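Architecture at a glance
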Amino acid sequence: EELVYNTLRVPYGKKFNLQLSDGTKAYLNAGSSLKYPVKFLQGMVRQVFLSGEVFLDVQKDSAHPFIVNADNLNIQVLGTKFNVTAYPEDDTSDVVLLEGSVKLDSDKGDLNPVVLKPGFKGSYDKNAHDIDTREVITGIYTSWMNGELVFRNMSFQNILKKLERHYDVVIVNNNKK
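Residues numbered from 1 in each chain as written. Predicted model: local features only at pLDDT ≥ 70, side-chain atom pairs only at ≥ 80, totals over all residues. Heavy atoms only, no water.

What follows deals with the environment of glycine 52. Looking at the secondary structure, you find glycine 52 in strand E5 (residues 46-57). A C-alpha to C-alpha distance of 14 Å links glycine 52 and lysine 126, two positions 74 residues apart in sequence. If we skip the residues at most four places from it in the chain, glycine 52 touches Gly31, Ser32, Val84, Thr85, Ala86 and Tyr87. (Helix = DSSP H or I, 4+ residues; strand = E, 2+ residues; numbered from the N terminus. Contact = heavy atoms within 4.5 Å.)

For any part of a model where pLDDT is low, the fine detail of the predicted coordinates should not be relied upon. On average, residues of the protein chain carry a pLDDT of 92, and 100% of them reach 70 or more. Least confident of the elements in the protein chain is strand E10 (residues 102-106), whose mean pLDDT is 90; most confident is strand E4 (residues 33-37), at 98. (pLDDT = per-residue confidence, 0-100.)

It is worth spelling out helix H2 (residues 156-167) at this point. For H2, spanning 12 residues, the distance from its first C-alpha to its last is 16 Å, which sits close to the expected 16 Å at 1.5 Å a residue. Within H2 the residues assigned to the buried category are Ile159, Leu160, Lys161, Arg165 and His166. Aspartate 168, located one to two residues past H2, shows a positive phi value of around 55 degrees. (Expected span 1.5 Å × (residues − 1). Buried < 20%, exposed > 50% of the residue type's maximum accessible area, 1.4 Å probe, protein only.)

Position of serine 123 among the secondary structure elements: in strand E12 (residues 120-125). Discounting chain neighbours no more than four positions away, the residues touching serine 123 are Ser93, Asp94, Asp130, Ile131 and Asp132. At 2.7 Å, the side chain of serine 123 and the side chain of aspartate 94 are in polar contact. (Polar contact = N/O pair within 3.5 Å; in protein donor to acceptor, adjacent residues only side chain to side chain.)

A positive phi is found at aspartate 71, a non-glycine position, where the angle reads about 65 degrees. Among the residues examined, aspartate 71 registers a relative accessible area of 38% and is labelled partly exposed.

This part covers the side chain of serine 143. Along the chain, serine 143 falls in the loop between helix H1 (138-142) and H2. Using a relative accessible area of 6% as the deciding quantity, one classes serine 143 as buried. Look past the residues within four positions of serine 143 in its chain and what remains in contact with it is Glu148, Leu149 and Val150.

Our focus in this paragraph is the packing of aromatic side chains. Evaluation of the coordinates by the stated rule reveals 3 aromatic pairs. Judged by centre distance (6.0 Å) and plane angle (50 degrees), the ring pair of tyrosine 27 and phenylalanine 55 falls under tilted. You can see tyrosine 27 sitting in strand E3 (residues 25-28) and its partner phenylalanine 55 sitting in strand E5, a full 28 residues away along the chain. Residue classification places phenylalanine 55 among the buried positions, given a relative accessible area of 7%. Above the ring of phenylalanine 49, the side-chain terminus of lysine 35 is found at 5.5 Å from the ring centroid. (Phe/Tyr/Trp six-rings, centres within 6.5 Å; stacked < 30°, edge-to-face > 60°. Lys NZ or Arg CZ within 6 Å of the ring centre and 35° of its normal.)

Written as structure tokens, this is what we have:
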């Protein structure tokens, strides 16, 4: 058998849920795309490619690790629930872990791998090429799945970006302050 990929692109203002061939559930946020195999093959790593934001409920399968490639960040999973935010225009890619454990690493192998525990967020700085971790309230990062937007300790520019994606609008801010 040969791996054949689908790519799902979700436009601004929309969300989409899908179930992968292994039973993993993916919830994609506005402005996101996920490239995934039509069918995961026996004896191979389960790998998907993300641009944007997704919440994943990964089916456990210790013989076939699950890897999310989000820009230069690789997230390796055995079975867990977590949220990934990796929009190309953002300076960081964030992983928030709800259950299980995940390992964060660079696809270039230039980082020391970081293992997250539930309730923690790992942020990969695309410019500095390092990963910072801290404890967070996970509901803030998954509220988008219920149609809610929560903003805490976020720059006004990033708030505008999230609003533009969520509502499929362009917001012009002429206020310099």
